[in-house]
Every structure is written in C-alpha cells, then in structure tokens.
Amino acid sequence: MRYDFGYFEEDHLKKVTEAHLWQRILGYVRPFWWEVAGALFLSLIITGAGLGLPALLREAVDNYIVNQGLTIPARLAGVTRLAGLFLALLGLEFVANFLQVVLLEWTGQRVMHRMRQQLFSHMLGLNLSFYNRNPVGKLVTRLTNDIQNMHEMFTSVIVTLFNDFIRLTGILAILFWMNWRLALCMCLLVPAILANTLWFSTLARNAFRRIRTGLARINSFLQEALSGVSLIQLFNREPYSRERFKALNRAYLDDTLYQIKVFGIFMPVVEILAMGATALIIWYGGNEIMQGAMTIGVLVAFLAYMRLFFQPLRELSQKYSIVQSAMASAERIFQLLDTHESLPVAREPQLPAKDGGMVVFQNVTFGYAPGQPVLHDLSFTVQPGETLAIVGATGSGKSTIINLLERLYDPDSGGITVGNADLRQLDPAWLRRHVGLVMQDVFIVPDTLRANILLDRLDIDDAKLTTIVDRAQLTALVRQLPEGWHTRLGEGGMELSAGQKQLLAFARVLARDPAILVLDEATSNVDTETEILIERAIDTALANRTSIVIAHRLSTIRRAHRILVMTEGCIVEQGTHDSLMAAAGLYYHLQSLQVRECGPS
Amino acid sequence: MAAIGINRETIRKAWSAVGVVRPVFRQHRWRLLAGFLALAGVNSLQLIIPRIIRQTVDNLQQGIATQAGLLHFALLVLLISLGIGVCRFGWRYLILGFSRILEVDLRNALFAHLLTLDRPYFQKKPPGELMALASNDLSAVQMACGMGLIAFSDALFMSMATLGFMAYIHPGLTLLTVLPMPLLAGLTSYLSARIHHRFKKVQEQFSRLTEFSRDTLSSIRLVKVYTQEQDRTERFNTLGQSYVRDNLRLALVQGTLFPVSGMVANVSMLLVLYFGGRLTIRGAITIGDFAAFISYLFMLTWPIMALGWVANLFQLGVTSLHRIKTVLDAAPKLIEPAAPLPLPAVSQGFALRHLTFGYAPSLPPALKDLSLTIGPGVLGVVGRTGSGKSTLCQLLARLYPVPEASLFLEEQDINRLPLAGVRSQIAYLPQEVLVFSDTVAANIAMGKPDASPAEIETAARAAAIHGEILAMPQGYQTRIGEKGATLSGGQRQRLALARTLLLNRPILILDDGLSAVDTQTEHAIIANLRPYLAQKICIIVSHRLQALADADRLVVLAEGRVVEDGTHVELLANGGLYATIHAHQGMQEGCQ
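The residue numbering used here restarts from 1 in each chain and proceeds along that chain's sequence as written. The order in which chains are written sets their letters, starting at A; the order in which ligands are written sets their numbers, starting at 1. Totals for whole chains, interfaces and linings use every residue, but because this is a predicted model, local features are given only for residues with pLDDT of at least 70 and side-chain atom pairs only at 80 or more, for both listing and counting. The side-chain figures draw on all heavy atoms in the structure; neither hydrogens nor water molecules are used.

**Things to note about the overall build of chain A**
Helices and strands together make up the secondary structure of chain A, namely 20 helices and 10 strands. Between the two quantities, the radius of gyration covers C-alpha atoms and the globule rule is 2.2 Å times the number of residues to the power 0.38. What you see for chain A is a C-alpha radius of gyration of 36 Å, clearly larger than the 25 Å of a compact globule of 601 residues, by over 25%. Projecting the C-alpha coordinates of chain A onto the three principal axes gives extents of approximately 120 × 60 × 55 Å. We call a residue buried when its accessible area falls under 20% of the maximum for its residue type, exposed when it is over 50%, and partly exposed in between, using a 1.4 Å probe and counting protein chains only. Counting only residues that meet the buried cut, chain A has 55% of its 601 residues in that class. Residue pairs at least 24 apart in sequence account for 76% of intrachain contacts in chain A once pairs closer than 6 positions are excluded. Accessible surface for chain A amounts to roughly 25,300 Å². Of this, 58% is attributable to carbon and sulfur atoms. His is not counted, nor are the chain ends, whereas Lys and Arg count as positive and Asp and Glu as negative. Every charge is mapped to an atom, namely NZ of Lys, CZ of Arg, CG of Asp or CD of Glu. Of the side chains in chain A, 54 bear a positive and 55 a negative charge, and the two mean positions are spaced by 7 Å. Counting from the N terminus, the helices are the DSSP runs of H or I reaching at least four residues and the strands are the DSSP runs of E reaching at least two. Contacts are assigned to residue pairs with any non-hydrogen atoms lying within 4.5 Å of each other. Values of accessible area rely on a 1.4 Å probe in the Shrake-Rupley scheme; residue burial ignores everything except the protein chains shown.

Written out as structure tokens, the structure reads:
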C-alpha cells in the first residue's frame, strides 16, 4: 500500500523565465531597493577583491620574485609592498562579505514577512466554500514552505548569481587579457560543464523529492504507530507493523542510495572537466611559453583563476533547482492571492437597532455543492425573546441553518433577515457579534483564561468578569487554578476538559452579550457533575434572549417555546414538546426510545 | 576535538553509546575498508598533481621543457583525474551508503524495541519526544557516521600528507604558514556549534509558525464567527517577527563563519607570499617550489576547516546516540513470565482479589483493595470521573503490570500467563480511539487483515456505521485522514467498535467507547449487541445509565472501591449513589 499518510508533495517544475512572475516578485522587492542596491555594490567589492588576490600573486612572481633585472633589496621591498596590499584587500573582502550576508538576510526576511502577512490576512478573508475545497495542510504549506522557498531563492540565489556572473565575466576578461588564445581554449569546456549541470539538476531534484516523500511516509507512520502502541499490542499486530515499517525503510534506503550514486557521478565529472582545463593549460600554455608568447607568471595565474572559475559552475545546478522550486512556489502563492472568494459586503452596511432580535428565514434553498441542496425552500420565524429548538437526525440540515445565519455562506435562493435587515446588507463583523454562537468545538487562544473569555471585549472590567464567570459556572474552576483566571491555556499551558471547554464557550457568549444566541449542543456526554453545570449555564445564557438551539438534551428541548423537527432539509413538524408528543409523529418516534427505557416501569 | 570535555565520565558514556553502532560497523567492515582505501586513493592522486605542476613550471623556467614532455604531463593529469573520479565515486557509494544503512538499521531496531514497551513508559515519553529522537537524533548519528567519518579521515590524511610535502620543500616556511591553521580549526568548531544552536531555534520558531497557521486555518469557522481575524493576524505577525529575528541571529554567525575561514586561509597565503617570495628571491627554493607551495596551501584549507566542523559533528552524534541508547535500554515493566503456563480456554472469566494499584508511588492508588469476579454476561461499570473505571478496564486489558496474585484469569494468576496469549483473548475499546490514515475497510480489519468484505460489513452494521460508510465517496475504500474523509468523534468511535467486534474474542471491554455517539444510537447499538454479548465476558463502562440498564449485573465504583453491586432494579431500590445519578439523568432525559 503506497500512500502518504497525509503528507503533501507539490513539486511540479516551473520555467524560470516567466516574465510576469518575475515582475510580481520584484514588486515585493521594490520597497527595499536601497538595500538591494547596497548588496549588489558589496558584490562588486567582494568580486573585485577575490579576483585581485591572485592578480597580486602574479604581480609578485613576475615583477619581483623571478625578475632578475632588479636588485635583491628592490625585489624584497616589492614583495613586501604587495603583501601589504594583499592584507588590505583581505580585510576589505571580509568586511564586505559579512555585511552582505547580514544585509541580504535582513532584507529577505522582511520581504518574506510582508508577503506572509499579506497572504495570511488574505486567507482569513476567504469564505468557507474555499476552505471546504482546499485541505488545511495545503494552505499551511503556502504560508510556510512556499514562502521559505522564495526566501531561499532571494537570499542565496539572486545576489550570488549576480556575484557569480560578475566573477565569471571578470575572470574571463582577465584571462582573455592575459592570453586570449589560451582563454578561448578554456571556454570550449564551458558548454560541457553546463550540460552536465542541467542534466544533474534534474536527477538530483527527483532524488531529493523521493527521499523527502519517503522520510515523510516513515515519520507519519511512526507518529501513528507511537500514538497507538497499545492498540497495536492489543490487536497482536506487532509483526505486521514491524514488517510494514521495514518496507518503508527499505524503500527509503534505496532512494538514498540512488541519490548517493547521482552525486557520486556528478561530482567527479565536474572534477575531471576542471582537471581537463589544468591539462590544457599545461600543454597549450607550456607551448606558448616555450615560444616566448607567454610568461610563467601568467601560467601560474591561469592555474589559480581556474579554481575560481569552476567553483561557481559547480554550484550552479543547486542554484538552478532553488530557482525552479521558488518559481513554482511563487506561482502557487500568487494564485492564492488572486483568489477572491469572499462573500460580497454591502458598500454602506445597515446598522439595525441593537435589540433587533427577530430572525426570519424566507424560502431559503441552499446546498454546499451545486445541484445538491441541503435546505429546501425553508421558512420560519423566531420572535424576539423566543427560544426555538431544532431537532432532527444527523444530516437533516441543522448545522447548515447556523452556517447561513452567521453568514458563512449565502443562500442560493430566498433570504434571511435579522431585525428586518437582510444579512447581505449588514456588516459581517457586526452580524457575528450580534448573533452569538456556542458550538460543539471550542477553540483555545494561547493566552490566559481571562483573554480566552473576553476575546475582543477588552472593555469588560474584573467585576463584570466575575459575574460572567459565575453565571457560566466557571467559578469553581477559576478558584482551583493556581493563578486564577490569569492561568495560561493552550500550548504549554493548562488543558481544559471537554466539559470545561463547553463552559468556556458559554462564558464567551455571555461576555459578548449578543441579542441573538445560537447554541449547537455537544453530543458527547460528560460526567454528571459537569452536566449539571452545563445545564445551569444554558439556563442563564438562554434567559431573555432570542435563541435558536440545535438540541440533544431533552431538558433543553423542553425548555424551548417551540420545536422544529427537520428531515432532509425540510421542516416536517413543529410545536411544543407536549403537542408534538401528542401528535405521535416523527418527534414522538425520536423521543420514545429514550423514554421507554427509562426507569423500572 | 577540543569541544568534547576531556573527562573520564564523558568518555565512558560516549564509549558505551558507541556500543550501539559497533555491531553494524563490524558487519560492514569490508565495505568500510574498501571505502577508506578509495578515499586514500583520491587523496594520494590529488597530491601528485601539484608535483606535476611544479615539474612543468620548473622545466619551463629552466628551458628544458619539450613539446612531447608537456603533452606527457597533460595526459598524466587527465589520467590521474580519471582515477580520482573512480575512487571518489567508490568512497561516496561505500561510506555514505554505509551511513544510510546504519540509519535504517537503527530506525528499525528502535521501532521494534518501542513496540515491546508498555503503557507506563509511553506516559513518561510522549510521542513527540520519540519522534524527535527518530528523526533528529538518527540523522545526527547518520551525519557523524557518514560525512563526519569521511571528513575526519580525509582531513587527517590530507593535512598530514600536505604538511609532509610542504615540509619536504621547506620546513621553516611550512611552520610559518600553518601558524594560523589551529586558529582556523578552533574558530570553525566554535562557530559551527553556535550555528547549530541558533539553527535549532529557527527551526523551533518555524514549527510554531506552522502550528499556529494550522490551528487557525483548521478552525477558520470559529475564527470568523468570533470575529477573531484581526487578533489572529496580529498574533501571526508577532510570531513572524520573532522568526525574522531568530533568522537574523543565525545570519550573524553564519555570515562570520565563511568570511572568517576564508580570511584565515588567505592570511596563510599572505605568509607564503611574503616569506616564500623572499626565500625564492634569495634562491633558497625554486620558483616551482613556490608555485607548488601555494597549491598545497589551497589543499590544506578545507581539511583544517573540516576538522573543526567534524569535532562538532561527532559531539552531536555521540549525544544523539546516547539518547537513542537510553530508549533501546528501556525495559517494559509488564513482561512475559519466564516460564508461562499454558493459556486455558476462557469460560469463567476474571477474578480480582484485594487488588491495589497506583500509577506512580507518589500518587494515591487508583484502585484500593478491590475484589470482584467477572463472569460471562454483561457487567456494567458505573461511577464518577476518577472513580477507577478506566483503570480497571486497562488492567483487565493487560496494559499495566499488576501485583502478584491479585488478578486471575480462569483461576490462574495473570502474571503467570503468556502476555500476548492473554491479549489475544480480549477485545478492548478505549474512550479515545485512534483511527489510522488508511481505508475504512483496513481500519475495521485491523485485527484480522484477512477478514472478508462480508465480515467487515457485518461488524460495521453491528456498530451502526454501515449506512454512513456507504454514504462516503468511495464507501469502504474511502481513505481517512487529512487527504481523505474526516470523521466526527462519534463516527470514529463506532468505527473503532466495529474493529473491536470483528476480533470476535471471548472477552469484550468497552471503556466508555461510545461517549461521543448520541444517546439513541448508543442505546440501539448496545441493545442490538445483546444476543452476541450473552455468550461472552463483557465489561461496559458508560456515563449514561440507561445504556447499561439491561446489564446482567452492575457495579458502582467510588474512589477505587466497589460500593454497590447488583442489577439495575436492585441498585435503584438500594437508594445509593446509583439511584442518585439515575434520578438526575432520568429527570434530564424527561422521564420520572
């Protein structure tokens, strides 16, 4: 069974010559053009210094060390002077090198931080249908790995490519200037090196991708197995798990060995080519010297420049791959930034009165996918102060009603009004504060318990908070915490139990004090004590408030003024608990199971 | 190797850690030997080239060079480079390949050992920590045994040989030029340790950033409903900024390493230029010697830097190896008896006699002097949170060690029975279920991989999840996990129940395994299972009393003891804790 345990590998290649992508990338760099110009200037210094050092060496050999025409003291003085120059150039190169690394990192990080920030807030603005189509893992990759790829290109490629280019041109210029015939001979080797590099970069890329995927498979398998060791033991599955793990490891080993072979061939080939150049210099250059067309100093310098010349070419393949994957990442990022799937917001949103508590669904039809409606022509009204319970089997459309009321989606046809204003005419932020929601799943902000209750209601003082905590039945919890409501929750802090999370959700909604409350009761059960606390919290939260409750607890259902019974997106019955029981329809059927089995009759 | 403190204890520890990989080294000794020979071949051949260059230059200088001689030298260089190429491929494949084999062997050994460890061990070592061990520590060991070993022997050989050649040309000049070299090694070692440290920080911050995005995006619905967009963006910004800062701190060190090493190497060059130049002018060495000296110096820079880097690599490798060794040395508390008795056929069930059990000596015992017989039929277990229900189930499922002569299966002390044998009699469903990222069918057939589709379907029907599975995109072949379908808590529990039922073992333990399933469904499932359960020894824990009302027998636990024992009707009549809980739940469910 080959499959990736949830790991994503998106690795299609991108041509490095797509002008529009480059244009957009450079757009992000533009605000930092001073820094970039500085880095390029430093490149010139570094290259100049790097090339100047062997030139000084040649100067020393030809002009002083082997120059029999000068007196010995003059030759010694000359060597000393050049050594001094050598030292100065050395210092300059060091400083420029250091400054460039730091400057590039600083600029690159700031560019990427901006881009990441823009991408993150753009994503938060997209609507839920977008999230239904795109798995979270993929989106996270955009924010992390894709940005990282671009950063790598920015710091380690763009400027070093420029460095290399200047250096190679510089070396070639010097070589041609020293002896153009020998230089021309050496240039004949360049196409061979480039071809080898391109061929290698494709192979290396594939090899790396296979290794990455293999390792990801191993790690996901391990992760699952480690969290389920006792399950494996109880099911006597150790031999199977061991074998499967071995097979994954075997495949990984094969991939790593393949990668070693690819590198093992490429590196020597480049080296042989470089040595070929050395051989060429010895043979051809030697002949030139014998004919008096070249000095020995030039030969020594040629040999020294050779190293400098081949170094960048050896690294070219790696840089080429970085640029390729960065371009692919850039395209994915821009594609995401170009996705404008948010619900239309009215230009001048209406602001209904705070107490606008009436909710009306008028002939609402809606489906998550076209042609598959989940709600069919649904109409109902909730009067101010009324508690409406909705019951029905899983998949009957209860949660969809909440999604529409919070305007996470717009209905396909029909309309929803809150306080006589159509949802599409309202400011979504206002709406979501106005319609408070207590959901089954509760998110925890990595912050104190207090911050988790208040969220954005920072105007609430401690006295009021005490009341809220008390009404949400959290007082006992707060009292037993070492730092009270200043205790940190979430990662590295305290973990709340399922029941405590439910209570926290109530505290949040009480802090926001919305005109309308939507309660999606959790199906999972908690122990009896917590159950009592939750019921009390529900009591307080529902009191004197327009409420819509997706109910599972009979106690909650009975508290409702009216009950809607739903099946497959339609309302099939409505009334009070007693009237529905008397009608002996679907509701009666749903409840009868529980009632029949209760108590010794 | 200055980075490793010379301390007897450290060395002893390092040596014992190395013991973990020693057999692998021994097993592949011929491969390694061939690899090192190839490495030596590369180095020897490399050293010949400067000599050829020196010879050429000297011949040219003295005017004794001939065209044929030049061609001969050029072809020799090419031939040698071919030899270097072949040897280079050889050592890469042999030694780097060895390091990968070692990595894979160690990982397999680690995994196989982890599978033998028990629950108490995994409570001390969370999966995250073990994951880090299997990825980071293993790769540190691999690096040390691959690149580290190569770089070390390479550097040692090259520096010795190069120094030898240089000393042969002129000992005094050699001494002068290598003066900056120890400084280079020391600097590299110091800086690469700093880089490693700061790089780890960058990695940590990166995973924090990733975790935060994942958390936010996967709860996007809540973020929107609670209008948390602004707040989240600000928090993301803060995290991103400290990521930028950590990267800069790394760049500050990284930006020093290469320029500094380059500079130290060039200082040597300066010394050659200044002193060597003088020597040549005075005629103490030939111009060819001077050129060769410079070539050797180029060759010396990298090995010396490598020594510094390798010292750091070895240190990290040994530390990681030590961590791996502690895991491999860990022994489970729950062990197979030395001479296990034959496993009896299960018919009478369990007997607990004065069983006291605590998770740790420092904690109060979770079960206190508990005596209970558990025979065929359904035993319902009721009690408040923390009363010991789950502990009881886990002990019966043989997840924790129990004291001698306190837990009996078929009148045999369970500590004398084969561990895997006892487990093969028990089907256990915990409250937190784990679903593997695999197909639905494979998840259900986990304990019985050869189960037929009909068997799988029967189990799914019994767990009331057959209909929902059919509604999934590919039915039983639907994959679960991030790439496939996501299941609700209730669906996961029912899937796990189907998996447990398919085992069809004589003992069934359901430890509140249907808590996330709604009341009606839980009740329907248990009611449907009744005929099947009648022939088995079955223990069911639930918070919902009505699901257990039909049980043959009920026990109520409180503070690790049985406080009530009887049928539903008897316990209600008792008016104890059971009746109290029932009264509350009954009221809540709307019938009194």
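There is more to say after this.
**Here we look at helix H10 (residues 229-282) of chain B**
Residues and elements named next belong to chain B. Taking 1.5 Å of rise per residue, 54 residues should cover 80 Å, and H10 covers 78 Å from first to last C-alpha, within 8% of that figure. Of all bends in H10, the biggest is about 25°, found at Gly276. Remark: Gly283 follows H10 within two positions and exhibits a positive phi of approximately 85°. To estimate the expected span of a helix, count its residues, drop one, and scale the result by 1.5 Å. To obtain the bend at a residue, axes are fitted to the seven residues ending there and to the seven starting there, and the angle between these axes is taken.

**Observations concerning the packing of aromatic side chains**
Aromatic pairs are defined between Phe, Tyr and Trp rings, using the six-membered ring for Trp, whenever the two ring centres lie within 6.5 Å; interplanar angles under 30 degrees are classed as stacked, those over 60 as edge-to-face, and all others as tilted. One pass over the structure, following the stated rule, counts 27 aromatic pairs over all chains. Ring centres of Phe120(A) and Phe236(B) lie 3.9 Å apart, and the angle between their planes is 10°; on these two criteria the pair is classed as stacked. Of this pair, Phe120(A) sits in helix H3 (residues 72-125) while Phe236(B) sits in helix H10, which puts the two residues in different chains. Residues Phe120(A) and Phe236(B) agree in their burial class; the two are buried. Taking the centre distance of 4.9 Å and the plane angle of 85° together, the rings of Tyr274(B) and Phe275(B) count as edge-to-face. Its relative accessible area of 23% is what places Tyr274(B) among the partly exposed residues. Since its relative accessible area comes to 30%, Phe275(B) is described here as partly exposed. Of the aromatic side chains, those joined through ring pairs into one cluster are Phe200(A), Phe208(A), Phe263(A) and Phe266(A). Above the plane of the ring of Trp106(A) lies Arg110(A), whose end atom (NZ or CZ) is 3.8 Å from the centre. Criterion for a charge above a ring: Arg CZ or Lys NZ at most 6 Å from the ring centre, at most 35 degrees from the ring normal. Against the face of Trp15(B) rests Arg22(B), its NZ or CZ located 4.3 Å from the ring centre.

**Regarding the interface of chain B and chain A**
With 144 residues of chain B at the contact, the number on the chain A side is 151 residues. For the pair chain B and chain A, the two sides together bury roughly 13,800 Å², of which 71% comes from carbon and sulfur. Residue Arg235(B) is joined to Asp447(A) by a salt bridge in which the shortest nitrogen-to-oxygen separation is 2.9 Å. Distance and chemistry together define a polar contact, namely a pair of N or O atoms within 3.5 Å, with one atom able to donate a hydrogen and the other to accept it when in protein, and with adjacent residues in sequence counting only for side-chain atoms on both sides. In this structure, the connection of chain B to chain A is made through 24 residue pairs in polar contact (both at pLDDT 80 or more). Per-element tally for the side of chain B that touches chain A: the top contributor is H10(B), with 31 residues. Under this grouping Gly is polar, as are all residues other than the nonpolar Ala, Val, Leu, Ile, Met, Phe, Trp, Tyr, Cys and Pro and the charged Asp, Glu, Lys and Arg. Its residues assigned to classes, the side of chain B that touches chain A comprises 73 nonpolar, 42 polar and 29 charged. Buried area counts how much accessible surface, traced with a 1.4 Å probe, disappears from two parts once they are put together, with both parts' losses summed. By definition here, a salt bridge exists when the distance from a side-chain nitrogen of Lys or Arg to a carboxyl oxygen of Asp or Glu is within 4 Å.

**Considerations on the domain arrangement of chain B**
All names here are of chain B. Throughout, the edges of the domains are those of an automatic or database domain assignment. We note that the domain assignment places domain 1 (29-329) and domain 2 (350-589) within chain B. Relative placement of domain 1 and domain 2: their C-alpha centres are 55 Å apart. Of the residues lining the interface, 5 residues belong to domain 1; the matching set on domain 2 comes to 5 residues. Among the residues domain 1 hides against domain 2, the three largest losses belong to Arg119, Pro120 and Gln123. Together they make up 79% of the total. At the boundary of domain 1 and domain 2, one finds 0 salt bridges. Between the two partners, domain 1 and domain 2, sit 0 residue pairs in polar contact (both at pLDDT 80 or more). Ranked by residues supplied to the side of domain 1 that touches domain 2, first place goes to helix H5 (residues 119-124) with 3 residues. For the side of domain 1 that touches domain 2, the per-class residue count stands at 1 nonpolar, 1 polar and 3 charged.

**Details of the packing of helix H1 (residues 19-29) of chain A against helix H5 (residues 136-178) of chain A**
All names here are of chain A. Axis definition: a line fitted to C-alpha atoms, over the contacting stretch in the case of helices. Angles run 0 to 180 degrees between N-to-C directions. Here H1 crosses H5 at 80°, and the two axes come no closer than 13 Å. The angle between H1 and H5 places the two elements in the roughly perpendicular class. When H1 is examined against H5, the residues Trp22, Ile25 and Val29 are found in contact with a partner set consisting of Met150, Met153, Phe154 and Ile158. Across the contact of H1 with H5, the residue classes break down as 7 nonpolar, no polar and no charged. Orientation is classified from the angle alone, with under 35 degrees giving roughly parallel, over 145 giving roughly antiparallel, 65 to 115 giving roughly perpendicular, and any other angle giving oblique.

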